Amino acid sequence: MSSKDARGDKGASTGKRVGGNKKMSGAKLSTGSKGPGGGKKAAGRPHCGGKTKSQASSRQRTGRPSHRGASFDASALEGAEFIEVSNVALPLDAGLESPASEVNRPTPVPLSTETNHPAPATPAASPAPAEGSHAESLSRAAIVSALGVAPEDVASFSLVKRSVDARKKSNVHFNATYAVRLAQGVAYDALSPARGVNVRAYDPPAPLAIPDLRSLATSSDGRIVVAGTGPAGLFCALFLAEAGLRPLVVERGAAVDERTAAIESFNAGGPLDAAANVQFGEGGAGTFSDGKLTTGTKSPHIRHVLEAFVQAGAPDEILWQAKPHIGTDKLPAVVKSIRERIISAGGEVRFLTCLVDIELAGGAVRSVVLEDSRTGARKAVEASRVIVACGHSARDIFELARDRGFALERKPFSMGVRIEHPQSLINRAQYGAAAKHTALGAADYKMAVRVPARANGTRTDVASENATRGVYTFCMCPGGEVVAAASEEGGVVVNGMSRFARDGENSNSALLADVRPDDLPGDDVMEGVRLQREVEHAAFELACRNGGVPYAAPAQTVGDFLVGATSSSGQAEGKQPGGTVAAASEARRRTVVPGPHRRRTVAPEPYSRLVVHPSYPRGVVWCDLRECLPEFICGALAQGLPLLDAKLHGFADPTAVLTGPETRSSSPIRMVRGENFQARLASDSPDSDEEPATRVYPCGEGAGYAGGIMSAAVDGLRVAEAIAAEFSSR
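Residues numbered from 1 in each chain as written. Predicted model: local features only at pLDDT ≥ 70, side-chain atom pairs only at ≥ 80, totals over all residues. Heavy atoms only, no water.

## Considerations on the overall build of the protein
Item 1. Counting secondary structure elements, the protein contains 14 helices and 29 strands.
Item 2. Counting the 730 residues in the protein, one finds 59% classified as buried.
Item 3. Residue pairs in contact within the protein that sit at least 24 positions apart in sequence constitute 78% of those at least 6 positions apart.
Item 4. Of the accessible surface of the protein, which amounts to about 28100 Å², a share of 51% is contributed by carbon and sulfur atoms. (Helix = DSSP H or I, 4+ residues; strand = E, 2+ residues; numbered from the N terminus. Buried < 20%, exposed > 50% of the residue type's maximum accessible area, 1.4 Å probe, protein only. Contact = heavy atoms within 4.5 Å. Areas by Shrake-Rupley, 256 points an atom, 1.4 Å probe, with all protein chains shown as cover.)

What follows is the structure in structure tokens.
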């Protein structure tokens, strides 16, 4: 997340806080113990006027070394209590001590009618390492060098963001952004920033403002029903509950504890529970993933979501990590805490309760029909509004929306496999000699290439805008595992997860190719879902046909996939019976990797000694993946692998394992909504400028408006804000 993204929504000035608060914003800062930068002087505002003795002496001490940047305009900092200093090069040893502490943990604000006070100007960032520690000394030295000042000129500082800069393998280091307070009497025009260092006034993120709407919610209003407890549904419901609108939250799956037990049973060889699995249940599919909180979108709500996660028990470091993640071992407790907060604010949560019908009157919702997922018993509930946040695997909701006359459209989605490597290979490829430094942890990657497109096995017109197809990695899980993500009987689906420590033997990532609407036959909006199901069922049958137990996954080494061979015919591997690691390893050692222009008969070092042990819990069966995946997907992946290997050495290692299929990376359907977030009807004129008034709100990833935990949570907040605005306008 960029520093701009972290600022918060400054336009929200009234209501109560769900994210930032005084405890958060007033994080303890690291201060020096002696000189102008220590003691009580550090609390004063910096001098912003003319030259002072401190300034003059600072100039004499530091000069303007040759590595300093262009002339610095200090006038932009006038009146600022803190400055934001970014692109600060930080040695890896500075990361050996976590800068996070309990003082940085925000506390949930109870439901109140009081108006928020403006956020204080102190940094809503992580406190610096413990004063006097080695990490604190390294951080202070880096800031001093970046600003071109003396050590005593820095009164205090706080970490805002930190990332790894591994562009030069000979100089892997952290890149940090700090909020810095200068010592009393040090003028801003005394600064001499190093080349590449950016300095500006620190603009702290504003808290999320939630209006108190209890007096506007009348008894004649029906319930606001939120369908789904993934990130979109949870954050939408949290906002509405704390606004006093008492939402009814329904989830077709089980509560997280029951869900966890069902998943563990399935992984051990038990039956699939259609109501409690990796796709369905409290927290959504993201609960059993890496808990990755990165996003390509920009929104002030990103900071609000991060703070809410920390309030719910997530590690504080997600507030300053450039690539934050929570981990599947911590996510269940976090989502449970958010659920408890919704209930304490007046909301109601019902598990094992499925939305099966939406009844309209005059084009607007009148009621919903809810069904017990275990017994099948149904009950109608009057509803004033319905938020459809059901996730991309709730395929029956797509059918319901179509049958009730809502406008749906095809959208691009993706399909492919999970690719596994030894995590040590990825670490070496990304960090070089620094790979074993304990401050770095497990390395990740994110890559994309484009290859000539083929549709139905035939090359498209090269003049067409669709002449190329994207091949990319997605949801990379360092030190993680491939998970069994089936939600329907007789179908195999894979996904990936990492625990918080990311300390597993393997890394895995989705390796996907684009599926465009024009790749599908006909004009039925459900054709993408039909393709997903066909592939999932074909994978189930392929694995069983080759000796696997039910829900074993078909797998193939990269080397054999590229030459069209079966890695170990009929040999299964994993925690279920049906093959040995040794047999599969021998099959891998005889494979080859085709390069972009030729095929090598002997794999170069270090490829030849690598052995990957598949982590899919139900066991894998060595098969030809072309027997379950569409030809145009396999062709794109085969073309893309050598290109990706050119970006990350070892990615196309012949011993890397492909496990499939990954079909649920995103929704193949979008439920069309207007600018007011309400669903459009299929009967609406496409040329009409009139906003829909259905009071049904498609939301999150399943509805086609997000692509991951963070963007889905942000969309949930946006929908909740739109509903709150409707009440406020009464």
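And the narrative resumes.
## Overview of the nonpolar core
Item 1. In this structure, L147, V180 and L511 are the most contacted members of the largest nonpolar core, which totals 99 residues.
Item 2. When residues in this core are grouped by element, the largest group, seven residues, is from helix α13 (residues 631–647).
Item 3. L511 has contacts with M415, G416, V417, I419, V471, Y472, L637, L641, L644, F651 and L658, leaving out every residue within four places of it along the chain.
Item 4. Grouped together as the second largest cluster of nonpolar side chains are 55 residues, I210, A241, A314 and M710 included. (Core = buried A, V, L, I, M, F, W, Y, C linked by side-chain atoms within 4.5 Å.)

## Brief notes about the pairing of strand β9 (residues 223–227)
Item 1. The buried fraction of β9 is high, at four of five residues.
Item 2. As judged from the five bridges shared by β9 and strand β14 (residues 378–388), these two strands associate in the parallel manner. Pairing of I224 across the sheet is with R385, part of β14.
Item 3. In this sheet, strand β10 (residues 248–251) lies alongside β9 in parallel orientation, the contact comprising three bridges. Among the inter-strand pairings, A227 is bridged to a residue of β10, identified as V250.
Item 4. The parallel pair β9 and β10 is bridged by helix α4 (residues 231–242), and the resulting crossover is right-handed. (Pairing = 2+ DSSP bridges. Right-handed = clockwise from strand over helix to strand, strands pointing away.)

## A few points about the environment of A237
Item 1. Along the chain, the position of A237 falls in helix α4.
Item 2. Counting along the chain gives 479 residues from A237 to G716, while the straight-line C-alpha distance between them is 8.0 Å.
Item 3. Setting aside its immediate chain neighbours within four residues, A237 contacts V226, P247, V249 and I342.

## Topic: the packing of helix α6 (residues 301–311) against helix α14 (residues 709–728)
Item 1. Packing of α6 against α14 leaves a shortest axis separation of 9 Å and a crossing angle of 105°. Taken together, the axes of α6 and α14 lie roughly perpendicular to each other. The segment α6 lies against α14, with H301, I302, H304, V305, L306 and F309 engaging I709, M710, A713, V714, L717, R718 and E721.
Item 2. Classifying every residue of the contact of α6 with α14 by side-chain character gives nine nonpolar, two polar and two charged. (Axes fitted to C-alpha atoms, helices over the stretch in contact; angles between N-to-C directions. Parallel < 35°, antiparallel > 145°, perpendicular 65-115°, else oblique. Nonpolar A, V, L, I, M, F, W, Y, C, P; charged D, E, K, R; others polar.)

## Side note on the confidence of the model for the protein
Caution is warranted with low-pLDDT regions, since their predicted coordinates should not be read in detail.
Item 1. Confidence along the protein averages 83 in pLDDT terms, with 77% of residues attaining 70 or more.
Item 2. The model gives residues 1–66 a pLDDT under 50, and that stretch makes 193 contacts with residues more than four places away or in other chains.
Item 3. The model gives residues 100–121 a pLDDT under 50, and that stretch makes 72 contacts with residues more than four places away or in other chains. (pLDDT = per-residue confidence, 0-100.)

## Brief notes about the environment of G547
Item 1. Counting through the fold element by element, G547 comes out in the loop between α10 (527–545) and β24 (553–557).
Item 2. Residues G547 and V620, 73 residues apart in the sequence, show an inter-C-alpha distance of 9.9 Å.

## With respect to the packing of aromatic side chains
Item 1. What the rule picks out here adds up to five aromatic pairs.
Item 2. Ring plane angle 85° and centroid distance 5.6 Å describe the contact between Y445 and F651, whose orientation is recorded as edge-to-face. Pair noted here: Y445 is in the loop between α9 (423–431) and β17 (448–452) and F651 is in the loop between α13 and β27 (657–662), with a separation of 206 residues, a long-range link. Residue Y445 shares its accessibility class with F651, and that shared class is buried.
Item 3. Residues F540 and Y551 carry aromatic rings whose centres are separated by 5.0 Å and whose planes lie at 70° to one another, so their mutual orientation is edge-to-face. Here F540 is found in helix α10, whereas its partner Y551 is found in the loop between α10 and β24, with eleven residues between them in sequence. (Phe/Tyr/Trp six-rings, centres within 6.5 Å; stacked < 30°, edge-to-face > 60°.)

## Observations concerning the pattern of salt bridges
Item 1. In this structure the tally under the stated criterion is 37 salt bridges.
Item 2. A salt bridge links D165 to R167; its shortest N-O distance comes to 2.6 Å.
Item 3. One salt bridge connects R404 with D357, and the closest N-O pair in it is separated by 2.6 Å. With R404 in the loop between α8 (395–403) and β15 (408–410) and D357 in strand β12 (residues 353–361), this residue pair connects regions lying 47 residues apart in the sequence.
Item 4. A relative accessible area of 37% places R404 in the partly exposed class. (Salt bridge = Lys/Arg side-chain N within 4 Å of Asp/Glu carboxyl O.)

## Side note on the side chain of H421
Item 1. For H421, the location among the structural elements is in strand β16 (residues 413–422).
Item 2. There is a polar contact of 2.8 Å between the side chain of H421 and the backbone oxygen of F651.
Item 3. Ignoring any residue separated from it by four or fewer positions in sequence, one finds H421 in contact with I426, Y445, E505, N506, S507, V612, G650, F651 and A656. (Polar contact = N/O pair within 3.5 Å; in protein donor to acceptor, adjacent residues only side chain to side chain.)

## Regarding helix α3 (residues 134–147)
Helical periodicity: at 3.6 residues per turn, an α-helix aligns residues three or four positions apart in one direction.
Item 1. Taking 1.5 Å of rise per residue, 14 residues should cover 20 Å, and α3 covers 20 Å from first to last C-alpha, within 8% of that figure.
Item 2. Looking only at α3, the buried set comprises A135, E136, S139, R140, A142, I143, V144, A146 and L147.
Item 3. In the stretch just after α3, G148 is the one whose phi turns positive, near 70°. (Expected span 1.5 Å × (residues − 1).)

## Structural notes on the layout of surface pockets
Item 1. Estimates place the volume of the second largest pocket at around 450 Å³.
Item 2. Elements represented by at least two residues in the lining of the second largest pocket include exactly α5 (256–267) and β21 (481–484).
Item 3. Here the residues of the lining of the second largest pocket sort into eleven nonpolar, five polar and five charged. (1 Å grid on protein atoms, 1.4 Å probe; cavity = no way out; pocket = protein on both sides within 12 Å on 5 of 7 lines; lining within 4 Å. Points joined across faces, edges and corners; volume = space filled by probe spheres on them.)

## Some details on the state of the cysteines
Item 1. Tallied over the full model, the rule gives zero disulfides.
Item 2. With no disulfide partner, C623 has as its closest neighbouring cysteine sulfur the one in C628, 7.7 Å distant.
Item 3. You can see C699 has no disulfide; the closest cysteine sulfur is in C236, sitting 5.4 Å from it. (Disulfide = S-S within 2.5 Å.)

## A word on α9
Item 1. Of all the positions in α9, only Q423, L425, I426, N427 and Y431 are classed as buried.
Item 2. Contacts made by the buried residues of α9 are with β5 (154–165), β16, β20 (468–477) and β23 (506–515).
Item 3. Immediately beyond the C-terminal end of α9, within one or two residues, lies G432, with a positive phi of roughly 60°.

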